[in-house]
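Inside the fold
Chain by chain, the residues:
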Amino acid sequence: MSTAGRTPKDVLEYAKKHDVKQLDLRFTDLPGLQQHISYPISQLKEDTFEEGFGIDGSSIRGWAAINESDMLLIPDPATAMIDPFYETRTLVMVCDVIDPITRQHYDRDPRWIAQKAELYLKNSGLADTAYFGAEAEFFIFDNVRFDQNAHSGYYFIDAEEGRWNSGRENNNLGYRPRFKEGYFPVPPTDHYQDLRAEMVETMIKVGLDIECHHHEVATAGQCEIDQRFDTLLKSADNMMMYKYVIRNVAYQYGKSVTFMPKPLFGDNGSGMHTHQSLWNGKTPLFAGDMYAGLSQMALWYIGGLLKHARALSAIIAPTTNSYKRLVPGYEAPVNLAYSRRNRSAAVRIPMYSASPKAKRVEFRPPDPSANPYLAFAAMMMAGLDGVLNKTDPGESLDKDIYDLTPEEMKAVPSMPSSLEEALSCLEDDHAFLLKGDVFSEELLETFIGYKRKSEADAIRLRPHPYEFALYYDI
């Protein structure tokens, strides 16, 4: 069933044709975890696409207080598909969240923020479409244990492919990627070719457009599956489905997937390098005759990303664990500069193709713990702010970062070193997000307050296991 111009009537006919029994409605909370509620398919009628389905939003993270918790879910017919995992045939749709009193979009619905960002772009007159292509990396583990209480705290992860299992006495056939050498060995060193292939085939069944898949740099099953770019909102919807499929295919194989940015000490973390470009109709606006084949608009867009990168970090790298990855001198792109090839720069201009249609910028600090609706919207708003204000991105960073002198390094600003610092940067610099009412002060205050109390402070208040190794005998 084509998604273009799909109507509620089309969805009902599709459900009848495929003998669907259940309806599954999905939406996303403020931190970025997808939620769902299910109904018998008989509850879905043409008028329910306008009337919606009532839910209690009081227990959804970052949402309303209990005294104003009634919400409506309005299914988006363009997102309808049959779930590939449920035993009972189930029609899935992504929903917009509506306030039942005002009948307006709920301001804390992340999907609405992405929709407002697209409206703002069109109303700006600069372009009519923003395309995003995000490369989310992940780990595949065989066992995970963790706990934290008043008198103990630990985590334990294991992976058949983990290099640390090379000395195991039983059931050991070797062939494991060395630390930082997992890019791109063939099987049997790459243990997960077949598993990734099934993930890809399942993604294709549910309508995702997949370009390639491969093992990533780290040992212990770090992988990447690349989706083709799409519009801002569609790419965010696709990222939620991407995570859902990956987790569930792995789970069927008795394995566990994590999108934590840095689950392993001493090996590469997982990023979500995000390619982005602006178009007018069929005309790519980032292609030109300036640096790396870019247009002036693209350079100004880069200027906006770099200017606001420290504030963006709270949204695009929004966990305390994110800053175990964003560490200077390691693999992460913390340097707030741009380059055509230097992967230590925050913004890279891919040079794989000379085609104007392929011209884009790649923002490398984001990681897959980000809420894609908020992250894509915030990055576009920063880039547009750069275009509107003609923000000069400065000189490109084409040298190897390790060849720079200490004086040269001081001139290159960097990303924040902690979630707490990132949240403070967002507090100080967020006016660019408020344009067009895309983000609101109230939403940003809610987001910052939630992150600070539930995550940054929660980690800061608890002893860390390594502190015992450092200080127990002090």
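Above this text is the structure in question.
Residues numbered from 1 in each chain as written. Predicted model: local features only at pLDDT ≥ 70, side-chain atom pairs only at ≥ 80, totals over all residues. Heavy atoms only, no water.

1. Re the environment of L278
- Tracing the chain through its elements places L278 in strand β14 (residues 272-280).
- Those residues in contact with L278 that lie beyond four places of it in its chain are L121, A127, T129, A130, T283, P284, L285, F286, M297, Y301 and L384. (Helix = DSSP H or I, 4+ residues; strand = E, 2+ residues; numbered from the N terminus. Contact = heavy atoms within 4.5 Å.)

2. Comments concerning the packing of helix α7 (residues 309-316) against helix α11 (residues 419-428)
- It is the contact of α7 with α11, at a shortest axis distance of 7 Å, that shows an interaxial angle of 120 degrees. In terms of orientation, α7 and α11 fall into the oblique class. Relative to α11, the crossing made by α7 is left-handed. In this structure, α7 contributes R310, A311, S313, A314 and I315 to the contact, and α11 contributes E421, A422, L423, C425 and L426.
- The residue makeup of the contact of α7 with α11, split by class, is 7 nonpolar, 1 polar and 2 charged. (Axes fitted to C-alpha atoms, helices over the stretch in contact; angles between N-to-C directions. Parallel < 35°, antiparallel > 145°, perpendicular 65-115°, else oblique. Left-handed = near helix turned anticlockwise from the far one by under 90°. Nonpolar A, V, L, I, M, F, W, Y, C, P; charged D, E, K, R; others polar.)

3. Re the nonpolar core
- Ranked by internal contacts, the top residues of the largest apolar core, which has 101 residues, are F138, M199, Y242, L278, M380 and F439.
- Once residues lying within four places of it in the same chain are set aside, the contact partners of F439 are I113, I315, L374, A377, A378, L433, L434 and L444.
- Listed in part, the 22 residues of the second largest apolar core include Y39, L73, A80 and C95. (Core = buried A, V, L, I, M, F, W, Y, C linked by side-chain atoms within 4.5 Å. Buried < 20%, exposed > 50% of the residue type's maximum accessible area, 1.4 Å probe, protein only.)

4. Some details on the pattern of salt bridges
- Under the counting rule described, the total for this entry stands at 23 salt bridges.
- Where R26 meets D83, a salt bridge forms, and the shortest distance between an N and an O atom there is 2.8 Å. With R26 in strand β1 (residues 22-28) and D83 in the loop between β5 (81-82) and β6 (90-98), this pair connects stretches of sequence that are 57 residues apart. Each member of the pair, R26 together with D83, is buried.
- For the salt bridge of R111 with D96, the shortest nitrogen-to-oxygen distance reads 2.8 Å. Taken together, the residues R111 in helix α3 (residues 110-124) and D96 in strand β6 connect sequence positions 15 residues apart. Comparing R111 with D96 shows no difference in burial state: the two are buried.
- A single salt-bridge network, built from bridges that share partners, covers D76, D96, R111 and D237. (Salt bridge = Lys/Arg side-chain N within 4 Å of Asp/Glu carboxyl O.)

5. Considerations on the side chain of T219
- Relative to the elements of secondary structure, T219 occurs in the loop between β10 (210-215) and β11 (222-227).
- What T219 contacts, discounting residues up to four positions off in sequence, is F139, E161, G162, R163, W164, P177, R178, F179, L264 and D267.

6. With respect to helix α5 (residues 232-252)
- The terminal C-alpha atoms of α5 lie 31 Å apart, and with 21 residues this matches the ideal 30 Å at 1.5 Å per residue to within 8%.
- Taking burial as the measure, the 21 residues of α5 include 16 buried ones, the bulk of the element.
- G254 occupies a position one or two residues after α5 and carries a positive phi of about 75 degrees. (Expected span 1.5 Å × (residues − 1).)

7. As for unusual backbone geometry
- Each neighbour pair has its own omega, and for Y183 with F184 the value is -10 degrees, a cis peptide bond.
- With respect to the secondary-structure elements, F184 resides in the loop between β9 (153-158) and α4 (193-205).
- At R103, a residue that is not glycine, the phi angle is positive and equals roughly 60 degrees.
- You can see R103 is positioned in the loop between β6 and α3.
- R103 gets classed as partly exposed once you look at its relative accessible area, which sits at 43%.
- In this model, Y175 sits at a positive phi of 55 degrees, which is unusual for a non-glycine residue.
- As for its position among the elements, Y175 is in the loop between β9 and α4.

8. Points about the packing of α3 against helix α9 (residues 372-388)
- Interhelical geometry of α3 versus α9 gives an angle of 25 degrees and a closest axis separation of 8 Å. Taken together, the axis directions place α3 and α9 in an arrangement best described as roughly parallel. Relative to α9, the crossing made by α3 is left-handed. For the pair formed by α3 and α9, the contact residues are P110, R111, I113, A114, A117, Y120 and L121 on the first element and Y373, L374, A377, M380, M381, L384 and L388 on the second.
- The residue makeup of the contact of α3 with α9, split by class, is 13 nonpolar, no polar and 1 charged.

9. A few points about the environment of A220
- Relative to the helices and strands, A220 is located in the loop between β10 and β11.
- Residues A220 and N172, spaced 48 residues apart in sequence, show a C-alpha to C-alpha distance of 15 Å.

10. Observations regarding the packing of aromatic side chains
- In this structure the tally under the stated criterion is 12 aromatic pairs.
- Centre to centre, the rings of F85 and Y244 are 5.6 Å apart; their planes meet at 75 degrees, and the pair counts as edge-to-face. Of this pair, F85 sits in the loop between β5 and β6 while Y244 is found in helix α5, placing the two residues 159 residues apart along the sequence. The burial state of F85 is the same as that of Y244; both residues are buried.
- Here F286 and Y301 contribute two aromatic rings whose centre-to-centre distance is 5.1 Å and whose plane-to-plane angle is 65 degrees, an arrangement assigned as edge-to-face. (Phe/Tyr/Trp six-rings, centres within 6.5 Å; stacked < 30°, edge-to-face > 60°.)

11. A few points about a nonpolar patch on the surface
- On the surface, V144, F146, Y155 and F265 cluster together into a nonpolar patch covering about 540 Å² of accessible area.
- One can find F146 in strand β8 (residues 143-148). (Patch = residues over 30% accessible without salt bridge, like charges linked within 9 Å, V, L, I, M, F, W, Y side chains within 5 Å. Areas by Shrake-Rupley, 256 points an atom, 1.4 Å probe, with all protein chains shown as cover.)

12. Quick notes on a negative patch on the surface
- A surface patch of like charges, here negative, comprises D10, E13, E46, D47, E50 and E51.
- Every element with two or more residues in the negative patch is listed here: α1 (8-17) and α2 (48-51).
- Along the chain, E46 turns up in the loop between β2 (34-40) and α2.
- With a relative accessible area of 47%, E46 lands in the partly exposed category. (Lys, Arg positive; Asp, Glu negative; His and termini not counted. Charge placed at Lys NZ, Arg CZ, Asp CG, Glu CD.)

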